[in-house]
Amino acid sequence: MQTKVVLSVKLNAMKVQNYGNHAKYYAAHHFVFYPLLVFFIGCTIHHAIKDPERAPEFWAITVTLVMIGWLSFMVRQHYALGNQNRIVRLEMRLRYYQLMHERFEPLESKLSFGQIAALRFAADEELVALVKLAAETGLSSREIKRAVKNWEPDHMRV
């Protein structure tokens, strides 16, 4: 019971979500790990240029750091986004069915995942019309988000 109250208070305390502020950043990853990685890559390149005798060692360290950065990005994205994408598709299938009492899959096959993800921000009153418009005209995900009049925030990304 106490958990529900805390969650409710936390959701109500969040600022209004819209197209301009819906992106989510993980501070340790985006503002600490990657900037430090870029700094150290810059340092190793600098030392490789300034010290030709030890340049091969510094280039090897540079390549290793670049690979660590690339792998950290790819692993993070691969697992998290794979599951998130499946959940978003299921969420849209359920919402569309609840609103129209029809399956979403025939329209889903005409939409890219980016379009489906953008459509989830539309409130129920405008969702069906936007789904049909996106399927017929091929609106991009950005165009869909800009077309949303009543933004449905995603409070689960806290």
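Residues numbered from 1 in each chain as written. Predicted model: local features only at pLDDT ≥ 70, side-chain atom pairs only at ≥ 80, totals over all residues. Heavy atoms only, no water.

*Asks:* Any chance you could explain the pattern of salt bridges here in plain terms?
*Replies:* Pairing is possible between side chains that carry opposite charge, provided their charged atoms lie close to one another. According to the stated counting rule, one finds seven salt bridges in the structure shown. Residue arginine 93 is joined to glutamate 108 by a salt bridge in which the shortest nitrogen-to-oxygen separation is 2.8 Å. You can see arginine 93 sitting in helix α3 (residues 55-100) and its partner glutamate 108 sitting in helix α4 (residues 105-108), a full 15 residues away along the chain. Here arginine 93 falls in the partly exposed class, since its relative accessible area comes to 30%. (Salt bridge = Lys/Arg side-chain N within 4 Å of Asp/Glu carboxyl O. Helix = DSSP H or I, 4+ residues; strand = E, 2+ residues; numbered from the N terminus. Buried < 20%, exposed > 50% of the residue type's maximum accessible area, 1.4 Å probe, protein only.)

*Asks:* Just checking my understanding: could you explain the packing of aromatic side chains for this structure?
*Replies:* Overall, the coordinates contain four aromatic pairs when judged by the stated rule. Look at phenylalanine 121 and tryptophan 151: their rings are 4.6 Å apart centre to centre, the planes differ by 15°, and that puts the pair in the stacked class. Highlighted residues: phenylalanine 121 in the loop between α5 (113-119) and α6 (124-137) and tryptophan 151 in the segment after α7 (141-147), separated in sequence by 30 residues. (Phe/Tyr/Trp six-rings, centres within 6.5 Å; stacked < 30°, edge-to-face > 60°.)

*Asks:* Where do I start with unusual backbone geometry in this structure?
*Replies:* For residues besides glycine, phi is generally negative; the peptide bonds are generally trans as well. Residues other than glycine seldom take positive phi values, yet histidine 101 does so here, at roughly 55°. Mapped onto the elements of the fold, histidine 101 is located in the loop between α3 and α4. What makes histidine 101 exposed here is its relative accessible area of 61%.

*Asks:* Can you walk me through the side chain of glutamate 126 in this structure?
*Replies:* As for its placement among the helices and strands, glutamate 126 is situated in helix α6. Within the buried set, glutamate 126 has no salt-bridge partner at all; the shortest N-O distance to an opposite charge, 6.0 Å, is to lysine 149. Within polar-contact distance, the side chain of glutamate 126 engages the backbone nitrogen of lysine 149 at 2.9 Å. When neighbours within four sequence positions are excluded, glutamate 126 is seen to be in contact with Ala147, Val148, Lys149 and Asn150. (Lys, Arg positive; Asp, Glu negative; His and termini not counted. Polar contact = N/O pair within 3.5 Å; in protein donor to acceptor, adjacent residues only side chain to side chain. Contact = heavy atoms within 4.5 Å.)

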